[in-house]
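Residues per chain, in single letters:
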Amino acid sequence: MATRPGPLTEWPWQKLGNFKYVVMAPVVVHGAWRVAAGGWGDIDLTFALILPSLLLRMVHNQIWISAARYQTARSKHRIVDRGIEFDQVDRERGWDDQIILNGLFFYVGYLLIPSARYLPAWRTDGAVATALLHAGPVEFLYYWFHRALHHHFLYSRYHSHHHSSIVTEPITSVIHPFAEHIVYYILFAIPMLTTVYMGNASVLGFVLYIAYIDFMNNMGHCNFELVPKWVFQVFPPLKYLMYTPSFHSLHHTQFRTNYSLFMPFYDYIYSTMDKSSDQLYESSLKGTEETPDLVHLTHMTDLQSAYHLRIGFASVASKPSNSSMWYMWTLWPLAWLSMVFAWVYGSSAFVVERIKLKKLTMQTWAIPRYNFQFGLNWERESINDLIEKAILDADARGVKVLSLGLLNQAKQLNGGGELFRQKYPKLRVRLVDGSGLAAAVVLKSIPHDAKQVFLHAGPSKIACATAFALCEKGVKVIMNPKKEYDTLKSQIADSRASYLEHSSNHMPQIWLVDNIDDKEQKMAPQGTIFIPISQFPIKKVRKDCTYLSTPAMKIPETMQNIHACENWLPRKVMSAWRIAGILHALEGWTVHECGDAMMDAEKAWSAAISHGFVPLTKA
């Protein structure tokens with residue numbers, strides 16, 4: 001929102017939320033009526049392409065969004081080395097509003113202008129006229145309108161909304177108040193309406209002109225330089241006819257320079273070109289090589305997790321993955337195809353995000369496998385190969401720490417990472433499974449006055465460490481499965497063995513759970529507190545019980561470029577396993593934490609607190 005919102009700032013359908021596409025219903029109803037009355041032959045090409053062209057624009061924009069986010073995370077050609085926050089994602093979630101407006105304008109124009117109907121598919125003379133009219137009146141008028149928007153009166157009421165994004169993304173290009181878009185579409189209508197009245201308009205001419213506007217908008221708002229130098233060397237005048245991402249980035253950082261739409265020509269004429277434009281272009285194109293200090297290796301979870309990645313849908317990634325969004329199910333076929341594609345062609349981990357804390361640089365890599373594939377015995381070797389390849393790649397690049405997330409550290413898969421440590425004893429990158437901090441978070445989640453807890457979990461490192469710590473504190477740990485009880489009993493000190501008890505009837509109100517089904521949850525007494533000790537949340541089936549988060553902590557405010565949720569965790573919350581890797585890098589710990597090796601829980605907890613991580617709950 002602008003700092004002092006003026007009239008027509010909000011979009012008319014803003015209150016409709018995700019149902020805003022209902023405003024396109026008249027187009028659908030009109031088309032259905034024409035087909036019913038006169039058959040498909042009654043639909044001319046102009047009308048038939050109104051809705052498909054909107055869908056094409058959405059796909060085009062989404063490709064730019066995903067590609068730009070992927071490149072920003074891994075590319076050395078970043079222009080502004082700053083992060084994006086959740087408020088920018090929320091502000092830019094309505095990037096499709098202008099597509100809806102475009103569709104309505106096309107429909108109204110079709111109804112009101114008889115000569116706009118039954119247009120030919122293509123007219124070369126019309127395309128040439130469109131190009132000339134854009135380079136002349138449109139670019140000229142836009143330049144002066146843009147300068148007017150930077151006057152304090154209009155800037156505070158309208159244009160400041162767009163400039164709230166210092167670090168731009170492709171979708172930043174279309175984030176403007178409603179009133180601004182009205183003016184922009186009036187400008188862009190000049191070539192289209194002119195060719196209609198000249199009689200040389202064409203359907204593809206309109207579609208390609210809008211596609212050109214989208215392409216240049218998206219390209220110019222990327223936060224990395226992608227226009228190669230040879231383009232301007234082959235045709236030097238092009239520097240006056242086409243801007244670059246670095247050129248427009250200066251407008252978002254300096255505000256009073258580089259006002260042009262797509263053609264810097266007018267900034268040269270009116271002496272508003274930023275003097276550092278060429279230098280920034282050169283430096284951005286050259287880039288700066290960067291080796292992350294830390295890599296967190298994760299993987300896909302369910303079929304829809306592809307959308308939840310930062311390189312997927314920005315607004316979806318900004319919410320926990322278990323947030324209910326009914327419309328996501330309409331994309332299930334696409335999710336299934338992406339899973340098959342990743343399964344067949346996914347041969348290495350890919351970069352998902354890049355974040356910073358103090359001087360520490362971190363990247364998240366994901367291997368192209370899903371939860372269900374980890375349960376397939378015949379897939380284990382290929383999954384371990386992917387993990388091994390990522391570890392060796394990180395080691396070769398000089399990464400200091402690699403933390404294993406989710407099932408990448410499963411004991412039955414690779415012994416919690418021990419397989420790789422033994423296979424490569426000279427490994428320089430430190431492998432971290434995060435069990436020490438995870439156990440600490442679980443222990444700190446248990447109320448201080450607790451006298452007994454029920455442990456419903458297998459003999460995992462965290463379960464064992466938690467049980468031992470509780471027994472040391474004099475808290476009774478009750479277990480039901482005899483096999484798991486006997487395993488723990490044999491490892492605990494004789495002086496504390498009395499605090500470990502096997503019982504199928506005595507059920508306290510604090511349950512430490514790993515994997516629990518609905519039937520087992522119903523056995524818990526009313527008011528039970530369920531505390532997960534694994535990386536995966538448990539299904540909430542009891543309204544009379546309390547469910548805590550999986551082991552996690554709030555991140556420091558100084559952590560940069562956090563604008564996506566980690567799986568099912570809320571905003572600005574990070575899993576303990578991932579935080580453990582960060583602590584290893586920050587503290588300079590040189591030991592592996594994998595296999596049976598485990599960091600002291602209190603040591604890990606103290607380090608987390610000292611570096612600004614905050615507990616989710618107070619015991």
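Reading the values: rules and limits
Residues numbered from 1 in each chain as written. Predicted model: local features only at pLDDT ≥ 70, side-chain atom pairs only at ≥ 80, totals over all residues. Heavy atoms only, no water. Domains from an automatic or database assignment. Contact = heavy atoms within 4.5 Å. Buried area = accessible area lost by both parts, 1.4 Å probe. Salt bridge = Lys/Arg side-chain N within 4 Å of Asp/Glu carboxyl O. Polar contact = N/O pair within 3.5 Å; in protein donor to acceptor, adjacent residues only side chain to side chain. Helix = DSSP H or I, 4+ residues; strand = E, 2+ residues; numbered from the N terminus. Nonpolar A, V, L, I, M, F, W, Y, C, P; charged D, E, K, R; others polar. 1 Å grid on protein atoms, 1.4 Å probe; cavity = no way out; pocket = protein on both sides within 12 Å on 5 of 7 lines; lining within 4 Å. Points joined across faces, edges and corners; volume = space filled by probe spheres on them. Buried < 20%, exposed > 50% of the residue type's maximum accessible area, 1.4 Å probe, protein only. Phe/Tyr/Trp six-rings, centres within 6.5 Å; stacked < 30°, edge-to-face > 60°. Lys NZ or Arg CZ within 6 Å of the ring centre and 35° of its normal. Pairing = 2+ DSSP bridges. Axes fitted to C-alpha atoms, helices over the stretch in contact; angles between N-to-C directions.

A. Region of the structure containing the domain arrangement of the chain. Parsing the chain into structural domains produces domain 1 (14–286), domain 2 (294–435 + 556–615) and domain 3 (437–553). The gap between the C-alpha centroids of domain 2 and domain 3 is 25 Å. Contact with domain 2, which involves 34 residues of that partner, is made by 19 residues of domain 3. Both sides of the domain 2 and domain 3 interface together cover about 2100 Å² of buried area, and 70% of this is carbon and sulfur. Area buried by domain 2 at its contact with domain 3 is led by Trp568, Trp577 and Trp605, which between them contribute 32% of it. At the junction of domain 2 with domain 3, the criterion picks out 2 salt bridges. Note that Lys444 and Glu602 form a salt bridge whose closest N and O atoms lie 3.4 Å from each other. Taken together, the links from domain 2 to domain 3 amount to 12 residue pairs in polar contact (both at pLDDT 80 or more). Counting only elements with at least two residues in the side of domain 2 that touches domain 3, the list comes to strand 13 (573–575), helix 26 (576–587), helix 27 (601–610) and strand 14 (614–615). Counting residues per element, the side of domain 2 that touches domain 3 draws most heavily on helix 27, which supplies 6 residues. Of the residues that constitute the side of domain 2 that touches domain 3, the class distribution is 23 nonpolar, 7 polar and 4 charged.

B. Representation of the layout of surface pockets. Computed from the structure, the second largest pocket encloses a volume of approximately 1000 Å³. As for the second largest pocket, its lining consists of 34 residues, and the residues nearest its centre are Ala410, Lys411, Gln412, Ser460 and Asp514. Looking at the lining of the second largest pocket, the elements with two or more residues in it are helix 20 (411–414), helix 23 (461–472) and helix 24 (482–489). For the lining of the second largest pocket, the element with the most residues is helix 23, which contributes 3 residues. Inspection of the lining of the second largest pocket shows a minimum of three residues originating in each of domain 2 (294–435 + 556–615) and domain 3 (437–553).

C. Seen up close, the environment of Arg578. With respect to the element layout, Arg578 can be found in helix 26. Sequence separation between Arg578 and Leu285 is 293 residues; the distance between their C-alpha atoms is 33 Å. Once residues within four sequence positions are removed from consideration, Arg578 is found in contact with His296, Glu353, Ile355, Thr364 and Glu566.

D. Representation of the side chain of Glu169. Residue placement: Glu169 occurs in the loop between helix 7 (152–163) and helix 8 (178–198). Since its relative accessible area comes to 9%, Glu169 is described here as buried. At a separation of 2.8 Å, a polar atom in the side chain of Glu169 contacts the side chain of Arg69. Contact partners of Glu169, with chain neighbours within four places excluded, come to Arg69, Ile84, Glu92 and His221.

E. Seen up close, the packing of aromatic side chains. A complete count under the given rule lists 29 aromatic pairs for this structure. Considering the side-chain rings of Tyr142 and Tyr184, the 5.7 Å spacing of their centres and the 40° angle between planes classify their relative orientation as tilted. Taken together, the positions of Tyr142 in helix 6 (residues 124–149) and Tyr184 in helix 8 put the pair 42 residues apart, joining distant regions of the chain. With a relative accessible area of 10%, Tyr142 lands in the buried category. Looking at Tyr184, the relative accessible area reads 5%, which means it is buried. With 5.2 Å between their ring centres and 5° between their planes, Tyr307 and Phe313 make a pair best called stacked. Overall, Tyr307 belongs to the buried group, its relative accessible area being 6%. Each residue in the set Phe140, Tyr143, Trp144, Tyr259, Phe265, Tyr266 and Tyr270 is aromatic and connected to the rest through ring pairs, giving one cluster. Over the aromatic face of Tyr110 sits the side chain of Arg117, whose NZ or CZ is 5.7 Å from the ring centroid.

F. Seen up close, the sheet that holds strand 4 (residues 401–404). In spatial order, the strands read 2-3-1-4-5; together these 5 strands make up an open sheet with mixed pairing. This sheet does not close on itself; its edge strands, each paired only once, are strand 2 (350–357) and strand 5 (430–432). Within the sheet, the average angular offset between the axes of one strand and its neighbour, ignoring direction, is 25°. Two strands pair when backbone bridges link them, and strand 2 and strand 3 (residues 360–367) are joined in this way by 7 bridges, in the antiparallel orientation. Bridge assignment links Ile355 to a residue of strand 3, and that residue is Met362. Lying on the sheet, helix 3 (residues 50–74) is in contact with strand 2 and strand 3; it crosses strand 2 at an angle near 55°. Relative to the sheet, helix 19 (residues 380–397) contacts strand 1 (294–299), strand 3, strand 4 and strand 5, its axis offset from that of strand 3 by approximately 155°.

G. Summary view of the pattern of salt bridges. All chains considered together, the criterion is met by 31 salt bridges. Linking Asp125 and Arg123 is a salt bridge whose minimum nitrogen-to-oxygen distance equals 2.7 Å. A relative accessible area of 30% means that Arg123 is categorised as partly exposed. For Glu379, the salt bridge is made with Arg369, and the minimal N-O distance between the two is 3.3 Å. Of this pair, Glu379 sits in the loop between helix 18 (371–374) and helix 19 while Arg369 sits in the loop between strand 3 and helix 18, and the two are 10 residues apart along the sequence. Exposure class is identical for Glu379 and Arg369. Each is buried. One continuous salt-bridge network, built from bridges that share partners, spans Arg78, Asp81, Glu290, Arg354 and Lys356.

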